[in-house]
Each structure stands twice: as structure tokens, then as C-alpha cells.
Amino acid sequence: MSWGTELWDQYDNLAIHTNKGIEFLDKYANFIRDRLTIETEYAAKLRRLVKNYQPKKKEEEDNEFTSWQAFRKVLNEISDLAGQREVVAESLQLQIIQGISLLSKTLREERKKCLANGTYLHQNLTTQLAALERAKRNYEKAYRDSEKAVENYKKADMDLNLSRAEVERYKNIMTAKIQQSDDAKNEYANQLQKSNNLQQQHYHELLPEVFNRLQELDEKRTRGIREFIIGAADVESSVAPIIARCLEGMVKAGESINEKEDSYKVIERYQSGFTPPGDIPFEDLSKMDTLDTSQESHYNHVQSSHLTVKGTISANKIKKRVGIFNIFGSNKNSLTADGQKEDFSDLPPNQRRKKLQAKIAELQQKIQQETAARDGLMKMKVVYEANSSLGNPMTVEGQLNESEHKLEKLKMDLKKYQGYLEKANQIPIANNSPQANRTHSMNNGHRSSRHSNGSTEDNNYDGDFQPDDAGSLSSSSASPESGLGTSHTSLPGSAHGSTHENAMGEDAYYETEMEPLQPLGTCRALYPFEATSEGSIPMNEGEELQVIEIDQGDGWTRVRRINNTNGWDEGFVPTSYIECTLYA
């Protein structure tokens, strides 16, 4: 079935239908363009999402957990997924959009030609039919005129009053009109024949050819839409295996999460190495004798003679003086970029050993890299010395000296940190209680002081001890304004006192007198606290206490409670459990 035979009289409807078909093709093209835009935006938003959730540098230490590692793998798979959506968008642009645009342009041009040809055929047929109509009207007029002329001649011939000449004139007019009628009849018959032939050709040959061409164009458009829809699906199918692998990667990343392993890594990260506090011994006051009294007196004497409290606590008699802008203080153990001490002595023993081991491994790796760089420079120097045209060996000499200097410094640092690690391995595990953290104890005749962040440092360590530049100023003044007070917190039985410590660049302390500390302010308990370790005291929510020593960085604040039994109770409470108001 063809349009030429079945729809021979539907020229206008076919013109409208073909136009709507091409408009539908353009509509499908707009649909693909909108989908392409969505695919592009989706890919861009996925990439932005991956970028926003990439681990920050401060979170790098958390990457050791399997859950974090799995999340990073998921981010990588999402990034690959975004890449596939970009591939889909690009393929739709190249294969579908451009194909539709080219087909639409071709169809419009061909349809325009077909419609122009059809219009031309219609005009020819219309012109021929108009000529036939004119010939028919001329024939009708000529025929009526001839009949009238015949009738006039007959009347004239019957009229006896007319002359012979008048009758002859009527006869000549009749003859002329009859001839004109015959000529018009022949012309009408000729135009009728031509019109019938043209009409036959128009409706059976010429116009069906135009309609069949329009049918081919419309079928081509329909076939093109089918191919484009299948092509768009094929574009999606081509990336489906890769997307499936991305999803499989996400599933594998989720399956790689091991909660037990993460729990173990938490232990590895935060394990301090301290042991829990032991049982508190029972004190039987009924069996206190003179020996106990003398021992207590001796203990108090030792406390008052050899122990100090670090930090500004209350009264001027128990106050650390560090001088103006800390220029007279000691800086034996400098801080690293992240605020920790160089030997990590401010960390718990286990964490300190881990940090030192990591630092040693880092230094060893740097030494290997620098050694390789030095060997390369030495080989380059030998080549330059053998063939001066390749380069000047003196230019390598400076780089070689610099490399040697860096290598020597790295080796010194490695030796220093190995000493720190050896010392850390020799430190016994201590009780992690606020009292143990705050109290300055005498270990093997060495004085140990509590750092502001909770660690202990052996100030008599002679392995890598180097006094700072301010140590030379320590003997210039002993006034409170200079920050260099007098201290007797040296070795038991030593007569050097603070003079020896100031010469070595150590912190200076005033001699402590065992007397009640002046309160620095008040605090209110935000939460109830039960004392479970030595040196701490319990408190109730909303209870008002006196602050006698502020937090030194270890998370504990020393407070005092007035009671009716022995005057007051003193001890440590968590800083996060209280709200402090210090005196001006």
C-alpha cells in the first residue's frame, strides 16, 4: 500500500502529517538534549560530592580504620561512576544528537522539494482545467451565435421586402458564425483531450510519485527514531558493565569492614600503657605509734623540702617564676609542629613508643632517599670529571656537600630518637591517677617533674641534654621579677640547689611550704563524679567548690571542699565536669 494510490486526494493532510513527524523528531532531539544536560550535571555533582567528602589532612590518621578505608574506596567508585555518566552524555551528544540534527535537516529539505513539486503539478493541472473551461465557454458562445445567424438568415430569406443583397449578407453572416462555432468546438475538444490526458497523468503518475516520496521520507524519519531510541539504550548498556563493577567495588568495600580489627586499632592508638590503680590500703588509726608519727614527720619534711608544684597555683610562696616572656625559662625539649614535645614525653608510654618508632622509620626512609641522592651526585661528579664537556664537576660539588650535611643531620636525629626510644623502653609503667600525674616523685635519686600536659620528664637525663641559650642568663639574677627564684628541689643531700639547676637551664621554683593553698576561684559541679582513683574526690551535681589549682593540661583540676570534720577535703576532679569562675 502506498500513499500515491490510497491518498491521492489528501495532499494537504499529507503535508501536515509530514510536518508534524519532523517536529516530533525535533521534540525527541530536545528530550535527548535535556537528558544529556541531566547526565552532565549528575556527573558534575557526583564529582563535587566526592571532592567534598575526601578525607582532610587532619583526618589522615583515621585512614587506618577499615571503615574509613572502605569509605575511601566507595568515594573512588563514585568517582568512576561519575566518569561513566560523562561517557553516556558524550555518546548521546555524538551519536544521537548529531544524528537527529542531520536527519531532521535532510528530511526538511526533501519534504520542501516534494511539496514544491506537488504544488507545481497542481498549478499545471489547474491551468489546463482553466483553459478547458475557457474553450468550453467560447464554444458555447459561438454555437449560440451560429444558431442565431441561421435563424436570421431564414427570416431574411422568407421576407419578400428584403433585397437579394440583404439576404446574401445574412447568408454570409450565418456561414461565418457556423465556421466560428465549428472552430470553437474543435478547440474545446482539443482542450478537453489535453485536460483529460494531464489529469490522468497527474493523478496516476506524477502526484503519486510525490506522495510516495513523502511516504519514504516519513518512513525514514520513523525508522530513524527507532534507531535513535535503540542507540540511546545501547549507550547506556555499553557502560552498564563498568557501572556494575563500580557497584561490586562498593559491595566489596563494605564487606572489607572489620569491626574487630577497628576495635583493635582503637586500642593500639589510645592505649596509654598505664596499669589501673591498685587497692587502697586500710589505715588502722588505733595502731599508730611513735614510729609512724616520726615517719609521717619525715615524709612531711621531705615533701616540704624537696617537692614543688608546677604552675601558678595560688599564693606567691607556691608559684613558678619564668621571667619576662619566658626568656629565662628552660627549653630543653622543644616542641614539634603539632605542639608535642620533641621526644613525645608528654604522651603516655605506649603512645610515646609508637610515635618514636614512627619517627625513627620516617628518618630511616629519609636517610635512604638522601643516600641515593648523594650516590647519584657522586656518580654525576665522576662522569663530569672524566668528560668536562658534559658539565662542570664544581657545580655538583656544592650539591654534594649540601647532601652530605643533610645526611649527617638526619643520622644525628636518628641517633637522638633511637636514644629517646631506648629511654622510653626503660621507663616502668606507672599508675595513671590524677595524684600520680600531679605528684613529683623521687625515682632512683633523680628529680622528675610533671609537664603541663600530663607527662613526666627525667630532668637528670644525661644522654642528649643540651641547655638552651637562655641558660647563660640564669645566674644573672635571682629576683622574682627576673623569673629565677631560689629552689632546693635538687638531688637529696645535694648542696648545689637551684644554682646547679639554673646553670643547666632547668625551670626554677620557689621553695614550697606546706600550708593551706589560697583559692584561685570557685567552681560548680556540672555532673556528679565518683572518685575511683587515688587523689580524686567525689562531688555532687551543683555542688560549689573552691579551685586551688587550675588544670595543667592533663584534664584534672584541684579543688577544696569545706567540711566540719577536719576543716576541708582536697583532691582532683575532671575539668570537663565543672564550671570555673576564677578571681580577678
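Just above, that's the structure.
Please read these numbers as outputs of a predicted model, since none were measured by experiment.

What counts, and at which threshold
- Residues numbered from 1 in each chain as written.
- Predicted model: local features only at pLDDT ≥ 70, side-chain atom pairs only at ≥ 80, totals over all residues.
- Heavy atoms only, no water.
- Helix = DSSP H or I, 4+ residues; strand = E, 2+ residues; numbered from the N terminus.
- Buried < 20%, exposed > 50% of the residue type's maximum accessible area, 1.4 Å probe, protein only.
- Contact = heavy atoms within 4.5 Å.
- Areas by Shrake-Rupley, 256 points an atom, 1.4 Å probe, with all protein chains shown as cover.
- Core = buried A, V, L, I, M, F, W, Y, C linked by side-chain atoms within 4.5 Å.
- Axes fitted to C-alpha atoms, helices over the stretch in contact; angles between N-to-C directions.
- Parallel < 35°, antiparallel > 145°, perpendicular 65-115°, else oblique.
- Left-handed = near helix turned anticlockwise from the far one by under 90°.
- Polar contact = N/O pair within 3.5 Å; in protein donor to acceptor, adjacent residues only side chain to side chain.
- Salt bridge = Lys/Arg side-chain N within 4 Å of Asp/Glu carboxyl O.
- Expected span 1.5 Å × (residues − 1).
- Bend = angle between axes of the 7 residues up to and from the residue.
- Patch = residues over 30% accessible without salt bridge, like charges linked within 9 Å, V, L, I, M, F, W, Y side chains within 5 Å.
- Phe/Tyr/Trp six-rings, centres within 6.5 Å; stacked < 30°, edge-to-face > 60°.
- Nonpolar A, V, L, I, M, F, W, Y, C, P; charged D, E, K, R; others polar.
- Pairing = 2+ DSSP bridges.

It is worth spelling out the overall build of the protein chain at this point. A tally of helices and strands in the protein chain yields ten helices and eight strands. In the protein chain, which comprises 584 residues, the share counted as buried stands at 36%. Of all intrachain contacts in the protein chain linking residues separated by at least 6 positions in sequence, the fraction that spans at least 24 positions is 72%. A total of about 36,200 Å² of accessible surface is found on the protein chain, and carbon and sulfur atoms cover 52% of it.

The next subject is the nonpolar core. Counting 40 residues, the largest nonpolar core has Leu 25, Leu 92, Ile 100, Phe 211, Leu 214 and Phe 228 as its most contacted members. Listed by contribution, the elements that provide at least two residues to this core are helix H2 (11-52), helix H3 (66-158) and helix H4 (164-255). Look past the residues within four positions of Phe 211 in its chain and what remains in contact with it is Trp 3, Gly 4, Leu 7, Trp 8, Gln 10, Tyr 11 and Leu 14. Core analysis: the next-biggest nonpolar cluster, separate from the first, contains 13 residues, Leu 356, Ile 360, Leu 407 and Leu 414 among them.

Bringing the packing of H2 against H3 into the picture now. In the contact formed by H2 and H3, the axes pass within 8 Å of each other and the chain directions differ by 165°. Between H2 and H3, the angle falls in the class roughly antiparallel. Handedness of the H2/H3 crossing: left-handed.

All right, on to the side chain of Arg 221 then. Looking at where Arg 221 falls in the secondary structure, it is placed in helix H4. A polar atom in the side chain of Arg 221 sits 3.5 Å from the side chain of Thr 222. If near-sequence neighbours (up to four positions away) are discounted, Arg 221 is found in contact with Gly 21, Ile 22, Phe 24, Leu 25, Leu 103 and Leu 107.

Under the definition given, this model contains 26 salt bridges. One salt bridge in this structure joins Arg 213 and Glu 110, with 3.0 Å as the shortest N-O distance. Of the two residues, Arg 213 is situated in helix H4 and Glu 110 in helix H3; the sequence distance between them amounts to 103 residues. Here Arg 213 falls in the partly exposed class, since its relative accessible area comes to 30%. Assessed through its relative accessible area of 22%, Glu 110 is described here as partly exposed. A single salt-bridge network, built from bridges that share partners, covers Arg 35, Glu 39, Arg 85 and Glu 236.

What follows deals with H3. What sets the pattern is the α-helix's 3.6 residues per turn: residues three or four places apart point alike. An ideal rise of 1.5 Å per residue puts 138 Å on 93 residues; H3 measures up with 134 Å between its terminal C-alpha atoms. Its maximal kink placed at Gln 93, H3 deviates by approximately 35°.

A surface patch of nonpolar side chains, about 300 Å² in accessible area, is lined by Leu 49, Tyr 53 and Phe 71. Relative to the assigned elements, Phe 71 resides in helix H3. Judged by relative accessible area, Phe 71 falls into the partly exposed class, the value being 35%.

Moving on to the packing of aromatic side chains. On inspection of all chains with the given rule, the structure shows nine aromatic pairs. On the basis of an interplanar angle of 90° and a centroid distance of 5.4 Å, the ring pair of Tyr 417 and Tyr 420 is categorised as edge-to-face. Of the two residues, Tyr 417 and Tyr 420 both sit in helix H8 (residues 393-426), three residues apart, roughly one turn of that helix. Neither Tyr 417 nor Tyr 420 differs from the other in exposure class; each is buried. The structure contains a cluster of three or more aromatic residues connected by ring pairs, namely Tyr 527, Phe 529, Trp 556 and Tyr 577.

Across the interface, helix H7 (residues 349-386) lies against H8 with an axial gap of 8 Å and an inter-helix angle of 160°. Regarding the angle of H7 to H8, the classification is roughly antiparallel. Considering the relative orientation of H7 and H8, their crossing is left-handed. Here the residues of the contact of H7 with H8 sort into 18 nonpolar, seven polar and 14 charged.

Mapped onto the elements, Glu 549 comes out in strand S5 (residues 544-549). The class of Glu 549 is buried, set by a relative accessible area of 3%. Spatially, the C-alpha atoms of Glu 549 and Leu 520 are 7.0 Å apart, while their sequence positions differ by 29 residues.

Because side chains alternate across strand S4 (residues 521-525), one face comprises the buried residues Gly 521, Cys 523 and Ala 525, and the other comprises Thr 522 and Arg 524, none of which is buried. Bridge count for S4 against S5 is four bridges, and the pairing is antiparallel. Looking across to S5, one finds that Gly 521 is bridged to Val 547. Two elements, S4 and strand S8 (residues 578-582), share five bridges in a ladder whose sense is antiparallel. When the bridges of S8 are listed, Arg 524 appears paired with Glu 579.

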